[in-house]
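Commentary on secondary and tertiary structure
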Amino acid sequence: MVGRILGVRVVAVLAVFQCLSVVAASEAEDTYELLYEDSWCLEAPLLDFGNGGVNPTVLSDAECQAVCTNDPSCGVYMFGYQPTAACFRCATYPKCPKGGSYSDGDVNVYMRIRAVPDTPAWIGNCFVLLAEPMEVAPFPDDAVARMRRYFLDNLNINATGRMTASPGAVPALRGCCAGGYNWDWVRDGALSLSTLLDLEGWAVSTVGDEAPVTHAVVKQILEAYTNWVSELQRMGGNQIAPDGTLSIAFGEPKWSIADGSPYPGGWCRPQTDGPPLRALTLMKFAGSGLITEAMEKHLWTLITFDLDWLANGTGIAMESCDLWEESRDANYFWNRVVMRAALEQGSRTASQMGDNERALRYQRAWQEFIGDPIQDHMEATADGNFITECPLSDSKEQSADCIKYEKTIDGAVILALVHSAVLGVVKDGAGVAVSDVVATTVLVYNEAFCNLYPVNEQDTSAGVPGVLYGRYLKDEYGGGNPWQLISAALANLMYLASQEISRGAAMGEAQLSAWRRALQSKHFRGTAPEFIAAGDSVLARLRHHVTSFDDWHLYEQINRYTGEQYNAKDLTWSYAEVLSALKAREDAVALSKANPPKADQSAATPQGDFAGDGAETAVYRVNGVVSVKAHR
């Protein structure tokens with residue numbers, strides 16, 4: 001939902017700076033990375049230069065960095081300068097727990113953390129698997145209720161049917177873009193309301209004491225959303241220009257909550273995943289039992305508006321921004337998957353509506369223009385094939401952006417697998433989510449994000465189950481951090497795999513071997529409860545960083561170093577993915593109890609001695625407490 005933002009933001013700082021000469025801050029060396037842009041450290045400084053002329057020789061960022069480099073006890077340094085007053089400050093710290101925000105002042109602040117070259121990074125897979133499913137969901141009932149309240153607060157703003165992506169501050173934007181995230185995003189709205197439809201009737205919709213998702217609540221919000229989509233489509237028009245460009249109804253990503261007008265500023269356009277996601281949500285509403293016959297016909301008009309555009313092939317072949325709104329390609333896995341899902345479901349819905357011409361047209365469209373998206377989005381490794389967001393690295397179809405951002409590994413793939421509308425379906429005894437390709441994808445992504453985020457190493461060393469995922473390896477937005485919504489989607493993927501097993505999906509030796517490597521368990525048997533335990537592991541790690549101290553608010557990111565939540569407080573999409581994962585867990589648990597593992601699968605087996613990358617990790621569960629011993 002954000003444009004690519006580089007550099008360091010100018011923030012206001014309340015501090016006493018020794019006034020000397022105007023200083024231009026240099027870029028940090030490769031051995032340091034940006035930690036904070038707008039906060040001070042709770043830790044007492046080792047050295048503090050610039051206040052009262054203690055050390056007037058430290059006049060630049062580079063010199064301040066050198067002070068830290070020459071002090072083995074220094075882990076973080078801060079350099080700030082105030083151009084208008086010709087003032088500066090340099091301070092060094094052993095570590096830097098996040099304090100409050102600076103305010104009042106014209107000061108540039110650089111807070112950087114040391115990446116010591118001779119300290120080996122985590123190598124390999126750091127996933128920690130729980131020995132068994134948790135007795136209760138990873139998030140307590142009061143937390144779920146509070147998240148539901150925040151989620152509902154962001155939907156149907158002023159009865160317009162529009163939502164806000166986030167009402168919170170967005171420091172990662174560094175002052176860019178009027179309104180921050182307080183706009184109605186087509187993608188976020190469709191995904192969030194799809195989740196709302198899924199929640200109704202499950203325990204996750206009513207546990208706790210506040211904001212239940214009732215039949216009446218869902219109906220009211222979805223009817224308002226339907227009116228908003230009708231307004232948007234009417235305003236945007238349905239004509240495609242002769243040059244192949246598209247109307248704003250199809251490619252515009254975000255709209256004003258106040259008056260429903262499109263965002264007037266520069267942004268990454270077009271974004272072609274909006275129409276299929278919107279159609280999928282409206283088709284789900286049409287099949288929910290919440291509508292009248294007249295409403296069904298109206299919904300079909302809105303649905304065909306989007307699907308007819310997709311079926312002509314123009315939107316499918318068009319170069320589009322990715323769902324992170326930072327890069328362009330004509331063949332992103334996420335876009336292709338949601339387009340195919342919409343056309344497949346559209347073909348089925350058309351048949352039910354008696355619209356046989358469209359049923360055939362939609363089926364032919366995905367077969368001709370999309371086919372199987374996995375086939376040209378698989379990279380080979382020694383462990384097997386894994387799914388990529390961009391076309392294959394040796395493909396001539398790869399765009400310059402795919403190469404530039406190295407988006408072979410991208411959290412969008414996990415979201416695509418969860419939102420593809422094909423997982424959980426067992427065909428001819430084979431399951432999609434439990435396939436060896438998905439298992440190898442999880443393995444490769446585990447290794448990538450374990451090595452990328454120090455917080456993953458810290459959590460694994462401390463015995464915290466699971467793993468945290470982010471966007472992609474060269475992500476620089478907000479410093480490049482794990483994302484709550486992607487990590488929750490990974491948990492959802494595990495619960496969907498459990499559902500497949502309960503519905504009869506078979507696992508061969510290749511699949512079992514792949515999942516044992518992915519989850520770091522030599523004794524993994526591929527049972528439904530074990531996949532639930534895998535999902536619980538991921539949510540448990542997420543829960544470790546989302547606490548009652550935050551009053552259960554969800555943000556967009558988790559700081560890769562400190563583990564604290566960061567950016568876009570109350571991100572609607574984060575709530576949607578966490579609540580969706582909890583609903584999937586509820587479904588998986590019910591199916592597992594109704595279809596318990598066979599005797600040869602459920603035999604008690606020690607969970608310890610995970611093997612992976614030269615490390616052995618043993619997990620023990622005592623009185624419900626999980627601990628880890630790691631041997632390297």
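Predicted model, so just to flag it, every value in this text is computed and none were measured.

Turning our eyes to something else, we now look at the overall build of the protein chain. Per the secondary structure count, the protein chain includes 19 helices and 22 strands. Expressed as a percentage of its 632 residues, the buried residues of the protein chain come to 57%. Counting contacts in the protein chain only where the partners sit at least 6 residues apart, residues at least 24 apart contribute 75% of the total.

Position of A540 relative to the elements: it lies in helix α17 (residues 528-545). For A540, a relative accessible area of 15% translates into the label buried. On a C-alpha basis, the gap between A540 and G466 in space is 6.7 Å, while along the polypeptide they are 74 residues apart. Residues in contact with A540, not counting those within four places in the same chain, are M134, P138, V464 and P465.

Looking at the protein chain as a whole, the pLDDT averages 83, with 80% of positions reaching at least 70. In the model, residues 116-120 has pLDDT below 50 throughout and makes 1 contact with residues more than four positions away in sequence or in other chains. Confidence drops under a pLDDT of 50 for residues 602-632, and excluding neighbours within four residues, the segment shows 67 contacts in the predicted structure.

The geometry of helix α15 (residues 484-502) relative to α17 is characterised by a closest axis approach of 7 Å and an angle of 170 degrees between their N-to-C directions. As judged from the angle between their axes, α15 and α17 are roughly antiparallel. Every residue of α17 that contacts α15 at Q484, S487, A488, L490, A491, M494, Y495, A497, S498, I501 and S502 is listed here: A528, F531, I532, A534, G535, D536, V538, L539 and L542. Partitioning the contact of α15 with α17 into residue classes produces 14 nonpolar, 5 polar and 1 charged.

The next point concerns the packing of aromatic side chains. Centre distance and the angle of the planes are the two values used to describe a pair of aromatic rings. A complete count under the given rule lists 19 aromatic pairs for this structure. Geometrically, the ring pair formed by Y32 and Y77 is edge-to-face, given 5.3 Å between the ring centres and 80 degrees between the ring planes. One end of the pair, Y32, is in strand β3 (residues 32-36); the other, Y77, is in strand β6 (residues 76-82), and 45 residues separate them in sequence. Across the pair, Y77 and Y32 agree in class, each one buried. Cluster of aromatic residues (ring-pair linked, three or more members): Y181, W183, W185, Y263 and W267.

Before going further, it helps to spend a moment on helix α7 (residues 293-311). Over its 19 residues, α7 extends 26 Å from the first C-alpha to the last, a length consistent with the 27 Å expected when each residue adds 1.5 Å. T304 marks the point of greatest bend in α7, at about 25 degrees. Residues of α7 that are buried: M295, L299, W300, L302, I303, T304, F305, D306, L307, W309, L310 and A311. Each element contacted by the buried residues of α7 is listed here: α4 (215-236), α5 (248-251), α6 (274-286), α8 (314-317), α9 (333-352) and α10 (356-369).

This next bit is on the environment of A533. Inspection of the secondary structure assignment puts A533 in helix α17. Classification of A533 as buried rests on a relative accessible area of 1%. Contact partners of A533, with chain neighbours within four places excluded, come to L129, L130, E132 and P133.

Moving on, we get to α15. Helix length check: α15 (19 residues) gives 27 Å between terminal C-alpha atoms against 27 Å at 1.5 Å per residue, within 8%. Of all 19 residues that make up α15, 19 are buried, and the element is covered over most of its length. Once α15 ends, the next one or two residues include G504, with phi positive near 110 degrees.

So, on to the state of the cysteines. Throughout the structure, instances matching the rule amount to 6 disulfides. Between the sulfur of C176 and that of C177 lies a disulfide, 2.1 Å long from S to S. Between C176 and C177 the sulfur-sulfur dihedral comes to about 50 degrees; the bridge is accordingly right-handed.

The final tally for this structure, using the stated rule, is 24 salt bridges. For K219, the salt bridge goes to E223, with nearest N and O atoms at 2.6 Å. Separated by 4 residues within a single helix, K219 and E223 lie in helix α4, roughly one turn from each other. According to the relative accessible area criterion, E223 is partly exposed, its value standing at 28%.

With their axes 9 Å apart at the nearest point, helix α2 (residues 141-153) and helix α18 (residues 572-594) run at an angle of 140 degrees to one another. If you check the angle between α2 and α18, you find them oblique. α2 and α18 meet at a crossing whose hand is left-handed. Residues V144, M147, R148, Y150 and F151 of α2 form the contact with α18, whose own contacting residues are T572, Y575, A576, V578, L579 and L582. Looking at side-chain class alone, the contact of α2 with α18 contains 9 nonpolar, 1 polar and 1 charged residues.

Formed by 152 residues in total, the largest nonpolar core has its most connected members in F139, L196, W324, L493 and W515. In this view, W515 contacts A433, V434, S435, V438, A439, V442, M494, M507, F524 and F531; residues no more than four positions away in its chain are not counted.

Here the focus is unusual backbone geometry. For the bond from R269 to P270, the omega torsion is -10 degrees, close enough to zero to count as cis. By the secondary structure assignment, P270 is in the loop between β11 (254-255) and α6. For A159, which is not glycine, the phi dihedral falls at a positive 60 degrees. At D551, a residue that is not glycine, the phi angle is positive and equals roughly 55 degrees. Counting through the fold element by element, D551 comes out in the loop between α17 and β18 (557-558).

So, on to the side chain of D536. Within the element layout of this structure, D536 appears in helix α17. Within polar-contact distance, the side chain of D536 engages the backbone nitrogen of M134 at 2.9 Å. What D536 contacts, discounting residues up to four positions off in sequence, is L130, P133, M134, P138, Y495 and R585.

What follows concerns the environment of L323. Tracing the chain through its elements places L323 in the loop between β12 (320-321) and β13 (328-329). For the pair L323 and G274, spaced 49 residues apart in sequence, the C-alpha to C-alpha distance is 9.5 Å.

A word on the side chain of T226. Tracing the backbone shows T226 in helix α4. Judged by relative accessible area, T226 falls into the buried class, the value being 0%. In contact with T226, not counting residues within four places along its chain, are L282, F285, M295, H298, L299 and L302.

The rules we used
Residues numbered from 1 in each chain as written. Predicted model: local features only at pLDDT ≥ 70, side-chain atom pairs only at ≥ 80, totals over all residues. Heavy atoms only, no water. Helix = DSSP H or I, 4+ residues; strand = E, 2+ residues; numbered from the N terminus. Buried < 20%, exposed > 50% of the residue type's maximum accessible area, 1.4 Å probe, protein only. Contact = heavy atoms within 4.5 Å. pLDDT = per-residue confidence, 0-100. Axes fitted to C-alpha atoms, helices over the stretch in contact; angles between N-to-C directions. Parallel < 35°, antiparallel > 145°, perpendicular 65-115°, else oblique. Nonpolar A, V, L, I, M, F, W, Y, C, P; charged D, E, K, R; others polar. Phe/Tyr/Trp six-rings, centres within 6.5 Å; stacked < 30°, edge-to-face > 60°. Expected span 1.5 Å × (residues − 1). Bend = angle between axes of the 7 residues up to and from the residue. Disulfide = S-S within 2.5 Å. Salt bridge = Lys/Arg side-chain N within 4 Å of Asp/Glu carboxyl O. Left-handed = near helix turned anticlockwise from the far one by under 90°. Core = buried A, V, L, I, M, F, W, Y, C linked by side-chain atoms within 4.5 Å. Polar contact = N/O pair within 3.5 Å; in protein donor to acceptor, adjacent residues only side chain to side chain.

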